[in-house]
Amino acid sequence: QVQLVESGGGLVQAGGSLRLSCAASGRTFSTYVMAWFRQAPGKEREFVAAIRRSGGSTEYTDSVKGRFTISRDNAKNTVYLQMNSLKPEDTAVYYCAASGYYTPYPKRADFSSWGQGTQVTVSS
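The rules behind these values
- Residues numbered from 1 in each chain as written.
- Predicted model: local features only at pLDDT ≥ 70, side-chain atom pairs only at ≥ 80, totals over all residues.
- Heavy atoms only, no water.
- Pairing = 2+ DSSP bridges.
- Helix = DSSP H or I, 4+ residues; strand = E, 2+ residues; numbered from the N terminus.
- Axes fitted to C-alpha atoms, helices over the stretch in contact; angles between N-to-C directions.
- Buried < 20%, exposed > 50% of the residue type's maximum accessible area, 1.4 Å probe, protein only.
- Disulfide = S-S within 2.5 Å.
- Polar contact = N/O pair within 3.5 Å; in protein donor to acceptor, adjacent residues only side chain to side chain.
- Phe/Tyr/Trp six-rings, centres within 6.5 Å; stacked < 30°, edge-to-face > 60°.
- Lys NZ or Arg CZ within 6 Å of the ring centre and 35° of its normal.

**Student:** Honestly, the sheet that holds strand S1 (residues 4-7) in this entry has me stumped. Any pointers?
**Tutor:** In sheet architecture, strand pairing relies on hydrogen bonds along the backbone and comes in two forms, parallel and antiparallel. Spatially, four strands are ordered S1-S3-S8-S7 in an open sheet, and the strand pairing comes out antiparallel. The sheet is open, and its two borders are formed by S1 and strand S7 (68-73), each paired with just one other strand. The sheet shows a mean angle of 15° between the axes of neighbouring strands, direction not considered. Strand direction decides the pairing type here: S1 and strand S3 (residues 18-24), joined by four bridges, are antiparallel. Note that in S3 the partner of serine 7 across the bridge is serine 21.

**Student:** I tried to follow unusual backbone geometry on my own but got confused; where do I start?
**Tutor:** Trans is the prevailing form of peptide bonds, just as negative phi is the prevailing case for residues other than glycine. Its identity is not glycine, yet asparagine 77 carries a phi of approximately 55°, on the positive side. Within the fold, asparagine 77 resides in the loop between S7 and strand S8 (78-83). According to the relative accessible area criterion, asparagine 77 is buried, its value standing at 17%.

**Student:** In this structure, what is going on with the state of the cysteines? I would like to understand it.
**Tutor:** Chemically, a disulfide is nothing more than a covalent bond linking the sulfur atoms of two cysteines. Taken as a whole and judged by the stated rule, the model has one disulfide. One disulfide in the model links cysteine 22 with cysteine 96; its S-S distance is 2.1 Å. With the S-S bond torsion at -80°, the cross-link from cysteine 22 to cysteine 96 turns out left-handed. Taken together, the positions of cysteine 22 in strand S3 and cysteine 96 in strand S9 (residues 92-99) put the pair 74 residues apart, joining distant regions of the chain. Given the relative accessible area of 0%, cysteine 22 is considered buried.

**Student:** Sorry, what's going on with the side chain of threonine 78 here?
**Tutor:** Mapped onto the fold, threonine 78 is located in strand S8. By relative accessible area, threonine 78 is classed as buried at 10%. Polar side-chain contacts of threonine 78 include one of 2.8 Å to the backbone oxygen of lysine 76.

**Student:** How should the packing of aromatic side chains be read in this particular structure?
**Tutor:** Aromatic ring pairs are defined here through the distance separating the ring centres and the angle between the ring planes. The tally for this structure, following the rule as stated, stands at five aromatic pairs. Ring centres of tyrosine 95 and tryptophan 114 lie 6.5 Å apart, and the angle between their planes is 80°; on these two criteria the pair is classed as edge-to-face. Of this pair, tyrosine 95 sits in strand S9 while tryptophan 114 sits in strand S10 (residues 113-114), and the two are 19 residues apart along the sequence. Its relative accessible area of 13% is what places tyrosine 95 among the buried residues. Tryptophan 114 sits in the partly exposed class, given a relative accessible area of 24%. Linked through ring pairs, Phe37, Phe47, Tyr95, Phe111 and Trp114 together constitute an aromatic cluster. When the ring centre of tyrosine 95 is taken as origin, the NZ or CZ atom of arginine 45, which lies over that ring, is 3.6 Å away.

Coordinates in, geometry out; function isn't part of it.
Here it is as C-alpha cells:
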C-alpha cells in the first residue's frame with residue numbers, strides 16, 4: 001500500500017480558491033489511480049474527482065465540474081486538487097485515496113489507501 005498525506009486545506013470565502021496537495025510515499029505512485037473524496041458533517045463520504053495513472057484522463061462528480069481540477073505529478077509522487085469558485089456546500093474534510101485499478105464509477109470501496117484528510121471550510 002501507499003502512504004498518503006494531504007495538505008492545503010483552510011478557511012476561504014465563497015468564490016475563493018484553494019489548492020489541495022496529497023504526497024504519496026513509495027516508488028509505485030505512478031501505478032495507482034488517484035482520487036479525492038470529501039465528507040461533510042453528518043453525510044456519507046462522496047467521490048469528488050479521479051485521475052488515471054498517466055494523468056491523461058480525469059473524472060469529476062457533477063457538482064464540481066468546471067470548478068475543480070485534479071492533476072498529478074508522478075515525478076513528485078503528488079496529486080493535486082485545484083478548487084475554484086468555492087461554495088459553502090463544498091465545506092467538508094477532503095481525503096486523498098489510491099486504487100490499484102480503474103473503474104468508471106469510483107466508489108469508496110474501490111480505494112485501498114487513504115490519507116488522514118484536510119479540512120476545507122467555505123464561508124458565505
